[in-house]
Amino acid sequence: MRVGLYPGTFDPITLGHLDVVGRAIKLFDKLVIGVAINRDKGPMFTLEERVAMVVKDTEQFLQYGEIEVRPMEGLLISFAEQVGASCIVRGLRAVSDFEYEFQMVGMNQKLNPNIETVFYMADVQHQAIASRLVKEIARLGGDVTPFVSPNVVHALKEKFT
């Protein structure tokens, strides 16, 4: 069974994230989406809220393969081993993303050379979408419907009203 791992904070999940899920699920029998606890980033949504949003928004892809959404903490490569992933899935929006990801791949290969990393270039219509910017636009009363699902729009409105 080919298992891929797509890790992230998903605070909140965006259409860019969903684009990666929709493309990655076609490569794997099972895609595990690891929702990072990552206390250092100080997420706006709780872990439970983020997991629930990811579960809801990824239901549309279940026709292509199995998707499992799990909280994730600690070393990425350890979590990948725990879930039986042979591949880590990452999305790239800009050159600045590549520099960080390039370093991560090198370190992960040293920790476990049997786990590959696959990068998806963001679709042109999603290249500017960042969860951080989505939260700021929502906080300031802007329209985030071009960037997130209706499910997430609702969750953001609840946070800011």
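Up top is the structure these notes are about.
Residues numbered from 1 in each chain as written. Predicted model: local features only at pLDDT ≥ 70, side-chain atom pairs only at ≥ 80, totals over all residues. Heavy atoms only, no water.

Thoughts on unusual backbone geometry
Peptide bonds are, in most cases, trans, and in most cases residues other than glycine have a negative phi.
Item 1. Proline 12 follows aspartate 11 through a cis peptide bond whose omega is 0°.
Item 2. A positive phi angle, close to 50°, is found at phenylalanine 10, a residue other than glycine.
Item 3. Among the structural elements, phenylalanine 10 can be located in the loop between β1 (3-8) and α1 (15-24). (Helix = DSSP H or I, 4+ residues; strand = E, 2+ residues; numbered from the N terminus.)

Notes on the nonpolar core
Item 1. Among the nonpolar cores identified, the biggest contains 33 residues, and Leu31, Ile33, Val89 and Leu156 are the most heavily contacted of them.
Item 2. When contributions to this core are tallied by element, the ones reaching two or more residues are α1, β2 (30-36), α2 (47-58), β3 (66-72), β4 (87-92), α5 (131-139) and α6 (150-159).
Item 3. Setting aside chain neighbours within four positions, we find isoleucine 33 in contact with Tyr6, Phe10, Val21, Val54, Thr58, Ile67, Glu68, Val69 and Arg70.
Item 4. Within the second largest apolar cluster, 13 residues are counted, among which are Leu5, Val32, Ile88 and Ile115. (Core = buried A, V, L, I, M, F, W, Y, C linked by side-chain atoms within 4.5 Å. Buried < 20%, exposed > 50% of the residue type's maximum accessible area, 1.4 Å probe, protein only. Contact = heavy atoms within 4.5 Å.)

Section: helix α4 (residues 95-111)
Each turn of an α-helix holds 3.6 residues, which means side chains three or four residues apart point in the same direction.
Item 1. In this model, α4 (17 residues) spans 25 Å end to end at C-alpha, consistent with the 24 Å of a helix rising 1.5 Å per residue.
Item 2. Three or more residues of α4 are buried, namely Asp97, Glu101, Val105 and Asn108. One side of α4 holds all its buried residues, which, seen down the axis, span an arc of 70°. More than 90 degrees from the buried face of α4, the exposed residues found are Val95, Ser96, Glu99, Phe102, Gln103, Met107 and Lys110.
Item 3. In this structure, the buried residues of α4 make contact with α3 (76-83), β4 and β5 (116-121). (Expected span 1.5 Å × (residues − 1). Arc of directions from axis to C-beta.)

What to know about the packing of aromatic side chains
Item 1. Throughout the structure, instances matching the rule amount to 2 aromatic pairs.
Item 2. Taken together, a centroid distance of 5.3 Å and an interplanar angle of 80° make the contact between tyrosine 6 and phenylalanine 10 edge-to-face.
Item 3. The buried category is assigned to phenylalanine 10, whose relative accessible area is 3%.
Item 4. The aromatic ring of tyrosine 64 is capped on one face by lysine 26, whose charged end is 5.2 Å from the ring centroid. (Phe/Tyr/Trp six-rings, centres within 6.5 Å; stacked < 30°, edge-to-face > 60°. Lys NZ or Arg CZ within 6 Å of the ring centre and 35° of its normal.)

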